[in-house]
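So the chains spell out like this:
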Amino acid sequence: MKKPKFKVDKHTLTPKHLKLGEKEKAQLLERYHVTSKELPKIQKTDSAIKELEAKPGDIVKIIRKSPTAGDAVFYRVVSDV
Amino acid sequence: MADIISEYEDRLPPKIIEDVRNSIAKGISETKLKKLLEATCEEYKNSRVAPGESVGLIAAESIGEPGTQMTLNTFHFAGVAEMNVTLGLPRIIEILDGRKELDNPMMEIYLKKPFATGKKIEDLRHLALQIKETKLKDIATEFTINIADLTIEVKLDKDKMKEIDLTTGKVLDAISKQLKGYNLRDNKDSIVLKARSKEDSFNDSYKTKEKIKEINVKGIKGIFQVLPVKREEEFVIITAGSNLADILQLEEVDAYRTTTNNLFEIEHVLGIEAARQAIINEILKVIESQGLNVDVRHIMLVADTMCVSGTVKGITRYGVVSEKSSVLARASFETPIKHIINAALVGEVDNLDSVVENVMINQAIPIGTGLPGLTVKAPQKAAKEK
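Predicted, not measured: the structure shown is a model, and the values here were computed from it. (Residues numbered from 1 in each chain as written. Chains lettered and ligands numbered in written order. Predicted model: local features only at pLDDT ≥ 70, side-chain atom pairs only at ≥ 80, totals over all residues. Heavy atoms only, no water.)

1. Side note on the overall build of chain A
And then number 1: When helices and strands are counted, chain A shows one helix and four strands.
And then number 2: When the helices and strands of chain A are read in sequence order from the N terminus, they spell out β-α-β-β-β.
And then number 3: Taking the principal axes of its C-alpha atoms as reference, chain A extends roughly 50 × 30 × 20 Å.
And then number 4: Looking at chain A residue by residue over its 81 residues, the buried ones come to 40%.
And then number 5: At a minimum sequence separation of 6, the contacts of chain A that also span at least 24 residues come to 57%.
And then number 6: As displayed, chain A offers around 5,300 Å² of accessible surface, 54% of which is attributable to carbon and sulfur atoms. (Helix = DSSP H or I, 4+ residues; strand = E, 2+ residues; numbered from the N terminus. Buried < 20%, exposed > 50% of the residue type's maximum accessible area, 1.4 Å probe, protein only. Contact = heavy atoms within 4.5 Å. Areas by Shrake-Rupley, 256 points an atom, 1.4 Å probe, with all protein chains shown as cover.)

2. Topic: the sheet that holds strand β3 (residues 106-110) of chain B
Residues and elements named next belong to chain B.
And then number 1: Within the open sheet, the four strands sit side by side as β10-β11-β3-β12. Their pairing is antiparallel. Two strands bound the open sheet, and with one partner strand each, they are β10 (225-231) and β12 (259-260).
And then number 2: In this structure, β3 lies alongside strand β11 (residues 234-240), joined through five bridges in antiparallel fashion. Across the sheet, residue Ile109 finds its bridge partner in β11, namely Ile237. (Pairing = 2+ DSSP bridges.)

3. Things to note about the confidence of the model for chain A
And then number 1: Looking at chain A as a whole, its pLDDT mean stands at 87, while 95% of the residues score no less than 70.
And then number 2: Considering each helix and strand of chain A separately, the mean pLDDT is smallest for strand β4 (residues 70-79) of chain A, with a value of 90, and largest for strand β2 (residues 41-43) of chain A, with 93. (pLDDT = per-residue confidence, 0-100.)

4. A few points about the environment of Arg91 of chain B
Residue and element names in this part refer to chain B.
And then number 1: Residue placement: Arg91 occurs in helix α5 (residues 88-96).
And then number 2: Taking relative accessible area as the criterion, Arg91 reaches 4% and is therefore assigned buried.
And then number 3: The spacing of Arg91 and Leu124 is 33 residues in sequence and 30 Å in space, taken between C-alpha atoms.
And then number 4: There is a polar contact of 2.8 Å between the side chain of Arg91 and the side chain of Glu94.
And then number 5: A polar contact of 3.2 Å, which involves the side chain of Arg91, links it to the backbone oxygen of Asn261. (Polar contact = N/O pair within 3.5 Å; in protein donor to acceptor, adjacent residues only side chain to side chain.)

5. Details of the domain arrangement of chain B
And then number 1: Taken domain by domain, chain B consists of domain 1 (2-47), domain 2 (49-105 + 261-323), domain 3 (134-218) and domain 4 (328-369).
And then number 2: Using C-alpha coordinates to define each centre, domain 2 of chain B is positioned 43 Å away from domain 3 of chain B. (Domains from an automatic or database assignment.)

6. Details of the interface of chain A and chain B
And then number 1: Listed as interface residues are 32 residues of chain A and, on the opposing side, 35 residues of chain B.
And then number 2: Taken together, both faces of the contact between chain A and chain B bury some 2,600 Å²; the carbon and sulfur share is 57%.
And then number 3: The interface formed by chain A and chain B contains three salt bridges.
And then number 4: Across the pair Arg64 of chain A and Asp304 of chain B runs a salt bridge, and its minimum N-O distance is 3.2 Å.
And then number 5: Applying the counting rule to chain A against chain B returns 15 residue pairs in polar contact (both at pLDDT 80 or more).
And then number 6: Listed by contribution, the elements that provide at least two residues to the side of chain A that touches chain B are β2, β3 (59-66) and β4 of chain A.
And then number 7: Along the lines of polarity and charge, the residues of the side of chain A that touches chain B split into 12 nonpolar, nine polar and 11 charged. (Buried area = accessible area lost by both parts, 1.4 Å probe. Salt bridge = Lys/Arg side-chain N within 4 Å of Asp/Glu carboxyl O. Nonpolar A, V, L, I, M, F, W, Y, C, P; charged D, E, K, R; others polar.)

In structure tokens, the structure reads:
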């Protein structure tokens, strides 16, 4: 079967995933007074972040389509397992 | 004017800003617009959940109460075919428990242009047959073992094969790919299998006979029923049985809209965020089909909770509850003795930070006005004088 590779992030269920830079990461933790351990997790093997090449400890910014707020921003820290 | 609105982007969600943009009168003065936006901010601030509000409890009540009115039955699929759909309370429980094996796995397969319009019904039916899994036993009329020379003969139903566009050659290919160590021979109306090794016993032949019944000769594994349905302007294929990973590889399928009701397949193929969205969609689907009404916010909270750890976890003692840090909180859910004994063995400490623990020992719970605590810095002098 010859077919362009399936892109996970184009599926209607998957929101946009972005990797945060070091500076943005520090700002985020400062803004919410949290440590990265306290954030929700995303597995490093998660198919939605395969192309971001995220390492454990990185923070992924997720822009969800929300029925109540329009766009809702969510953060997950890449976990080890 | 646009700059004034964009100044508020940090303080208001995009949807509200959009609403403001759409509803202001043309040529509104800057001061008035500022006043309006300030009022909106104030209103937005007041409508938010107060810190310390027990949102989880409210979500539980809001989903639980309409849950009492839900039906307990599974229903047949509207009209055509004998397809089962789990609805009502059993489905809600299935989703919230995060069950891996569903009672009725289903897929909704959206199609690409020439198929979706349904102009060529023949093509559509052909595609549906391509997807449906056919096992060897579905096209065979008889399986026999010849005891003398230990061969297995499979008689094929030619009419059935023609119906689903299969040839004996294709069947032979499929069998040889999935079964090692056997020589295959095409015997016109039947296939004859003979073991290559000499030491094959009757017992082995019997086992193989049972095994080849389940061999997949055509279609996608796990899909045992297909049903093309017209939905609004396009045709969609609904299946019983689910295999998202393989279906998405098909050329005719619109991979970006096709979904399944199996949350774990979604998590595996599309990631945890897609699974969260799928949980919300599935719960809403059940609630709406029952004519009930629950605010999405409650469902979003539940879905978020199930997905915090990076994988879908059910609201059971093995899932979300096992992640709690407090021993007493875990013990208060189910199997208390097990949790307390295990905690005692490893010397766990409970900091009494959360609600249930404090209810147990009759203390003010950290919710609402019980949330803020007081910290007193004892003056150094007083301590010394003692």
